[in-house]
Amino acid sequence: MRTLLKRIGTVILFALIALCLAPTLVPPFLDRIYYEGPRSDHFDGKRFFNPGFPAYRGSPGGFLTRFLSGGRAEWPSQVPVKAGYPPAEATLCPRLKGAVVENWRRCVDSVDPNLMAVTWIGHATVLVQAGGLNILTDPIWSERASPFSFVGPKRVRAPGIRLQDLPKIDLVLISHNHYDHMDLPTLKRLWERDRPVIVTSLGNDTILRGAGVGARALDWGQSLPLRPGVRVNIERNHHWGSRWGTDRNRALWSAFSVDTPAGKIFFAGDTGWGDGSWAREAAARGPYRLAILPIGAYEPRDFMKTNHINPEEAVRIFEALKPTQALGVHWGTFQLTFEPINDPPQQLARLKRQRGIAPDHFIATEVGRPFFVPPVTTASTDAPRRQP
């Protein structure tokens, strides 16, 4: 009995030593080299950074401790969602309801080749149908935004369209490698089903290839022509990247602009305001028919303002870009921060009233509800916009 107790004591002692050493010993094994290349104004030879700003010195663990200790708003465990259909089926072609999904694009193109149809799927995932293309931004259909299926932020809004109901996807944009934006289970399913062109920023292709998913990775300012009249441009924004903490900023983050025959699309990805210069640079490359801008995950401000814009900053970006219409995303799907679930669209509505912005010029819609973006005109950006 004494021998058994000594052995148990030895095991406990080694376990305690391991726990004490884990913060020192484990992180190096979680680091990864995703990209190797020449130094630049946003890459120091090892890690990427936001130009003109000091390297991040904080700890994500500090925010996690605050998040778990309380103070955040209480979210519902589930928000009822009525899964929608892509707009061709829901609005333009009711006769196709239940038909083969490949008919959707044919129907849209036959009605109006200049049509731009948009459906918010949830979080930063948006389906844009324009110029004969089906485009997805930062697709996530998983139940959790996490490396694990059993723990981590859980989805409270089901996807606005079931993945199996999507039309064939031609282009996927991946802004950075956080789990709520680079969801490998979803990307593997899309890759196996459709073989879309997947475009991301430097280093993230290494992660995707490790999961068996093909991707093209580009630097800020570079572009990729896909077909006549279609080009993907990698735009600067202000954020960071990591999968495991110690691999912080080993891969680049980005926004995108996409030239299509139906007009130009801007997707901001996940971003802070920084000094706002990135938004002014993007604005100079307009005009934009559609801007997809994050409006959620911004409290507490002392921690989140560096990397996540709030609704007021989203409106400033909207005013700089001057799109025909904007969609607010990155809210109401995964509880990542402290604000109430409906605070982002409520704050956006208040700001629009204060600044005289037409209600349907910058919208925050429910998931699964398609809308159609008006064509680019020379009319005032404050002109009223009406959703179909």
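All residue numbers here refer to positions counted from 1 along the written sequence of the relevant chain. Residue-level local features of this predicted model are given only where pLDDT is at least 70; pairs of side-chain atoms are given and counted only at 80 or more, and the full residue set underlies all totals for whole chains, interfaces and linings. Side-chain metrics rest on all non-hydrogen atoms present in the structure, leaving aside hydrogens and water.

A.B. asks: Got a sec to walk through the packing of aromatic side chains? Specific residues and values, please.
C.D. replies: Working definition: a ring pair exists when centres of Phe, Tyr or Trp rings (six-membered ring for Trp) sit within 6.5 Å. Plane angles under 30 degrees give stacked, over 60 give edge-to-face, the rest tilted. This model, assessed by the stated rule, comprises eleven aromatic pairs. Site record: aromatic cluster; members linked through ring pairs are F148, F150, Y179 and W244. For R316, the ring lying beneath its charged end belongs to W273, and the centroid distance is 3.9 Å. Charge over a ring is defined by NZ of Lys or CZ of Arg lying within 6 Å of the ring centre and within 35 degrees of the ring normal.

A.B. asks: Before we move on, could you go through the packing of helix 9 (residues 311-321) against helix 10 (residues 343-355) and cite the residues and values that matter?
C.D. replies: For the pair helix 9 and helix 10, interaxial distance at closest approach is 9 Å and the crossing angle is 50°. The angle between the axes of helix 9 and helix 10 places the two elements in the oblique class. Crossing hand, helix 9 versus helix 10: right-handed. For the pair helix 9 and helix 10, contact is made by P311, E312, V315, R316 and E319 and by P344, Q347, L348, L351 and R355, respectively. Each residue is assigned to one of three groups, with Ala, Val, Leu, Ile, Met, Phe, Trp, Tyr, Cys and Pro labelled nonpolar, Asp, Glu, Lys and Arg labelled charged, and all others, Gly among them, labelled polar. Residues that form the contact of helix 9 with helix 10 fall into these classes: five nonpolar, one polar and four charged. Helix axes use the C-alpha atoms of the stretch in contact, all axes being lines fitted to C-alpha atoms, and the angles between their N-to-C directions lie in the range 0 to 180 degrees. A run of H or I in DSSP counts as a helix once it spans at least four residues, and a run of E counts as a strand once it spans at least two, with each numbered from the N terminus. Here roughly perpendicular refers to angles of 65 to 115 degrees, roughly parallel to angles under 35, roughly antiparallel to angles over 145, and oblique to all remaining angles. Two helices cross in a left-handed way if the nearer one is turned anticlockwise from the farther one by less than a right angle. They cross in a right-handed way if the turn is clockwise. Contacts are residue-level and defined by heavy atoms, with any inter-residue pair within 4.5 Å sufficient.

A.B. asks: Can you explain the pattern of salt bridges? Please cite residues and give values.
C.D. replies: One speaks of a salt bridge when a side-chain nitrogen belonging to Lys or Arg is within 4 Å of a carboxyl oxygen belonging to Asp or Glu. Across all of its chains, the model carries twelve salt bridges by this definition. D194 is paired through a salt bridge with R193; the nearest N and O atoms lie 2.7 Å apart. Taking the shortest distance from any N to any O, the salt bridge between E312 and R355 comes out at 3.8 Å. Of this pair, E312 sits in helix 9 while R355 sits in helix 10; the two residues are 43 residues apart in sequence, bridging distant segments of the chain. Here R355 falls in the partly exposed class, since its relative accessible area comes to 32%. What emerges from the salt-bridge pattern is a single network uniting D31, R47 and R250. Any residue under 20% of the maximum accessible area for its type is buried, any over 50% is exposed, and the rest in between are partly exposed; the area is computed with a 1.4 Å probe on protein chains only.

A.B. asks: How would you sum up unusual backbone geometry? Please name residues and give values.
C.D. replies: Between G286 and P287 the backbone carries a cis peptide bond, its omega angle lying at 5°. Among the structural elements, P287 can be located in the loop between helix 7 (277-283) and strand 11 (290-294). With an omega of 0°, the peptide bond running from E299 to P300 counts as cis. Residue placement: P300 occurs in the loop between strand 11 and helix 8 (301-304). Located in the positive-phi region is N249, a residue other than glycine, with phi close to 60°.

A.B. asks: Got a sec to walk through the sheet that holds strand 11? Specific residues and values, please.
C.D. replies: Strand order in the open sheet made by the seven strands is 7-8-9-10-11-12-13, with mixed pairing throughout. A strand with exactly one partner marks an edge of an open sheet, and here the two such strands are strand 7 (223-227) and strand 13 (362-363). Pairing between two strands requires that DSSP report at least two bridges joining them. Note that strand 10 (residues 263-267) and strand 11 share three bridges and pair parallel. Along strand 11, the bridge assignment pairs I265 with L290. Seen against the sheet, helix 9 touches strand 10, strand 11, strand 12 (325-329) and strand 13 and runs at an angle of roughly 160° to strand 11.

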